[in-house]
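Structure assessment
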Amino acid sequence: MPLAFDSISHGTIAFGFFNIESDMLLLDRYFFFADDFCESVSKIAEIHVKDVSEVSWDGYQIFNPEDMGDLMAAIHGIYYNGFIGEVYRRFPFPETRKGFKQKPYGSRNRDIMKAMISKHAVPGRIDLIVEQEKMDVSIGVYRFERASFYELIKYVWRGGYPRWEGEVRPDYVIEMKEKIVRSSGLFKGISFEI
C-alpha cells in the first residue's frame, strides 16, 4: 500500500507499492518499477556527489485522475476504473490478511503491467537529482529533504506496507542497501533498522 510522505515541492504525496503481485511503485502521478528506482539510488550511492548528480530511468506519468483509477475502490472490489482498477481486476486483493504481503517475485508480471499502463499513461524518463549543497533530492518534479528521501528508500527496503513476503527481498533491494551502507555524503546517517 502506498503511504503518505512529505515533499518540499508538493506537500504530502503518496509513494509505494500499490499491488502485492507487482514490483511497480507509484509516486503521486509517476509510475515506475522498483528495480529501476533501486538501481538509480545505488548509482547515486556509488558516486561521490560534488555539486549536483543526476541519473534517470524509464517510467510513466498519468495526468488524468480517471486514467489512474481509485485504489481503495479497487481494493474493496467496488469498481475497477483506470489503470489501478485494471491491475486489481487482474490481481485482486487477497481474501485473507495472511495473504497480504508484497511478493518478491513481482517482476514476473512486468510485461502484463507494461501492457496495462501503456493504455493509461505517458511514457518518459524520470530524473533523480541530488543537490549536495542543499542536501535535497528531486524525483521528477517532486523535491524531498534528505530525511524524507531516506523514508522512501526504507519503505522499499521493508517491502512497504505490508512488508516483503517471508521477509525475502529481491536482489536489487539488497544490493541498494549494501551500496548505501558503503557510501558517504548524501546517505550518511541513514538507518535500515526495522
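Refer to the structure presented above.
In what follows, the accompanying structure is described.

Analysis parameters
- Residues numbered from 1 in each chain as written.
- Predicted model: local features only at pLDDT ≥ 70, side-chain atom pairs only at ≥ 80, totals over all residues.
- Heavy atoms only, no water.
- Helix = DSSP H or I, 4+ residues; strand = E, 2+ residues; numbered from the N terminus.
- Rg over C-alpha atoms; globule rule 2.2 N^0.38 Å.
- Buried < 20%, exposed > 50% of the residue type's maximum accessible area, 1.4 Å probe, protein only.
- Contact = heavy atoms within 4.5 Å.
- Areas by Shrake-Rupley, 256 points an atom, 1.4 Å probe, with all protein chains shown as cover.
- Lys, Arg positive; Asp, Glu negative; His and termini not counted.
- Charge placed at Lys NZ, Arg CZ, Asp CG, Glu CD.
- Phe/Tyr/Trp six-rings, centres within 6.5 Å; stacked < 30°, edge-to-face > 60°.
- Lys NZ or Arg CZ within 6 Å of the ring centre and 35° of its normal.
- Expected span 1.5 Å × (residues − 1).
- Arc of directions from axis to C-beta.

On a plain count of helices and strands, the protein comes out with seven helices and eight strands. Computed over C-alpha atoms, the radius of gyration of the protein comes to 16 Å, within 12% of the 16 Å expected from 2.2 N^0.38 for 194 residues, which places it in the range of a compact globule. Its C-alpha atoms give the protein principal-axis dimensions of roughly 50 × 35 × 30 Å. A buried classification covers 50% of the 194 residues belonging to the protein. Long-range contacts, defined as pairs at least 24 residues apart, comprise 64% of the intrachain contacts of the protein with a sequence gap of at least 6. Total accessible area computed for the protein in this model is approximately 9,500 Å², and 48% of it derives from carbon and sulfur atoms. For the protein, the distance from the average position of its 25 positive side-chain charges to the average position of its 29 negative side-chain charges is 4 Å.

On to the packing of aromatic side chains, then. When we look at a pair of aromatic rings, we describe it by the centre distance and by the angle of the planes. If you walk through the whole model with that rule in mind, you get 18 aromatic pairs. Geometrically, the ring pair formed by F32 and F37 is stacked, given 6.1 Å between the ring centres and 25° between the ring planes. Aromatic pair Y150 and F187: ring centres 6.5 Å apart, planes at 20°, arrangement stacked. Taken together, the residues span a long stretch of sequence, with Y150 in helix 6 (residues 146–158) and F187 in the segment after helix 7 (171–182) at a distance of 37 residues. Of the residues examined, F187 reaches a relative accessible area of 3% and is grouped as buried. Of the aromatic side chains, those joined through ring pairs into one cluster are F5, F15, F17, F32, F37, W57, Y155 and W164. Sitting over the ring of F33, R110 keeps its end group 4.0 Å from the ring centre. Between R169 and the ring centre of W157, over which it is positioned, the NZ or CZ distance is 3.9 Å.

This paragraph deals with helix 7. Three- or four-residue spacings in an α-helix give side chains the same orientation, since the helix completes a turn every 3.6 residues. With twelve residues, helix 7 extends 17 Å from end C-alpha to end C-alpha; this agrees with the ideal 16 Å at 1.5 Å per step. All buried positions along helix 7 are accounted for by Y172, V173, M176, K179 and I180. All buried residues of helix 7 project into a common sector of 130° when viewed along the axis, lining one side. Those residues of helix 7 that are exposed and angled more than 90 degrees off the buried face are D171, V181 and R182. Those residues of helix 7 that are buried are in contact with helix 1 (34–46) and helix 6.

This part takes up the environment of F83. With respect to the helices and strands, the residue F83 is situated in helix 4 (residues 82–90). Sequence separation between F83 and F31 is 52 residues, and the spatial gap between their C-alpha atoms is 11 Å. Apart from the residues lying within four places of it in its own chain, the contact partners of F83 are F18, M24, F31, I62, D67, M68, G69, M113, M116, I117 and H120.

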